[in-house]
Amino acid sequence: MLLVSIGVLIIFLIMGFSPTNAAFKALVVLLILSMLKKDTRLSFKDIIDALEKGARDILGVAAATACAGIIIGVLTLTGLAVKLSSMIIQLSGGNLFILLFLAMIVSIILGMGLPTAACYVLLAALVVPALIEFGVPVLAAHLFVFFFGVISAITPPVALAAYTAAGIAESNPMSVGVNAFKIGAVAFFVPYVGVYNPAFILDGSFLQVIKVVMTSLVGCSALVFCVQGYLFKKLSLPMRFLLLISALTLIDPKLTTDFIGIAIYAIVVLFQKFIQNSSN
């Protein structure tokens, strides 16, 4: 019955209903379905208790959304939002990686607490012009800010998706946010590849696309092992640092950097395998 209600929610959203309206209809369907089986049937008291619990659980999300709204309001009222593009370019000092890093930070901050569509519209107006002016392809620039605007949902300290999940799981919101950030850390790698190598977003030949997909898989796995600190067995800090270097070098599509990144990755994997075999 839980899966059916999620399906109903998606269907109503596709039909053009507002998120609030679609969620209400999905809840009504869920309530009706719960009455069909004796072990899931809700009494009047159960319904009241559920409404009370929902009201309590939403407080954390509401507080986080309010704080995000304050940040966006300050940017808008002070006129800082209008000057943002030129400021980002000046701070980057002509370095593309620094520019992308600054754009990532701004996208995450401005994306906090916003719905996906509103987040993208805001970032497309404020951040994308700076990237395009620097020479980043239009599609890559839009996907870059959109990606990080969405990732803000699992990036502490706001991490609205983590707050919502924590309310459902009755867990600590910040702990859930940190773990979501660690699990989703590889998502911070992908947009950079799309900017440095347009073949990643299918803007290139078939061989170029295959090459960037293979090197990105290696880079993503290197970053995952680095963040999680485990590869066959626990990774030491030097090994984790080497994996981070491997992931960063594989962002650049040059053959030299690809060779260095893959070589470092292979050395770490072989070393960890050797240690595992030695301990056994």
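Because the structure is predicted, anything quoted here is derived from the model rather than measured.

Participant: Whenever I open this one, the state of the cysteines confuses me. Can you help?
Facilitator: Two cysteines, two sulfur atoms, one covalent bond between them: this is a disulfide. For the coordinates displayed, the defined rule picks out zero disulfides. Cys 220 provides the cysteine sulfur closest to Cys 226, a residue in no disulfide bond, and the two sulfurs are 13 Å apart.

Participant: Just to check I follow, could you spell out the pattern of salt bridges for this structure?
Facilitator: If charged atoms from side chains of opposite charge come close, those side chains can pair. The tally for this structure, following the rule as stated, stands at three salt bridges. Measuring nitrogen to oxygen at the nearest pair gives 3.0 Å for the salt bridge that ties Asp 49 to Lys 45. In this pair, Asp 49 and Lys 45 both sit in helix H3 (residues 44–77), four residues apart, roughly one turn of the helix. Residue Lys 45 is classed as exposed on the basis of its relative accessible area of 56%. Across the pair Asp 258 and Lys 211 runs a salt bridge whose closest N-O atoms are separated by 2.7 Å.

Participant: When you look at the layout of surface pockets in this model, what are you seeing that I'm missing?
Facilitator: Empty space left among the atoms is revealed by rolling a probe the size of a water molecule over them. What the second largest pocket holds in volume is close to 430 Å³. Taken together, 14 residues line the second largest pocket, and the ones lying closest to its centre are Leu 27, Leu 31, Leu 42, Ala 50 and Leu 51. Counting residues per element, the ones that place at least two in the lining of the second largest pocket are helix H2 (19–34) and H3. Ranked by residue count, the leading element in the lining of the second largest pocket is H2, at six residues. Residue classes in the lining of the second largest pocket are distributed as 11 nonpolar, two polar and one charged.

What counts as what
Residues numbered from 1 in each chain as written. Predicted model: local features only at pLDDT ≥ 70, side-chain atom pairs only at ≥ 80, totals over all residues. Heavy atoms only, no water. Disulfide = S-S within 2.5 Å. Salt bridge = Lys/Arg side-chain N within 4 Å of Asp/Glu carboxyl O. Helix = DSSP H or I, 4+ residues; strand = E, 2+ residues; numbered from the N terminus. Buried < 20%, exposed > 50% of the residue type's maximum accessible area, 1.4 Å probe, protein only. 1 Å grid on protein atoms, 1.4 Å probe; cavity = no way out; pocket = protein on both sides within 12 Å on 5 of 7 lines; lining within 4 Å. Points joined across faces, edges and corners; volume = space filled by probe spheres on them. Nonpolar A, V, L, I, M, F, W, Y, C, P; charged D, E, K, R; others polar.

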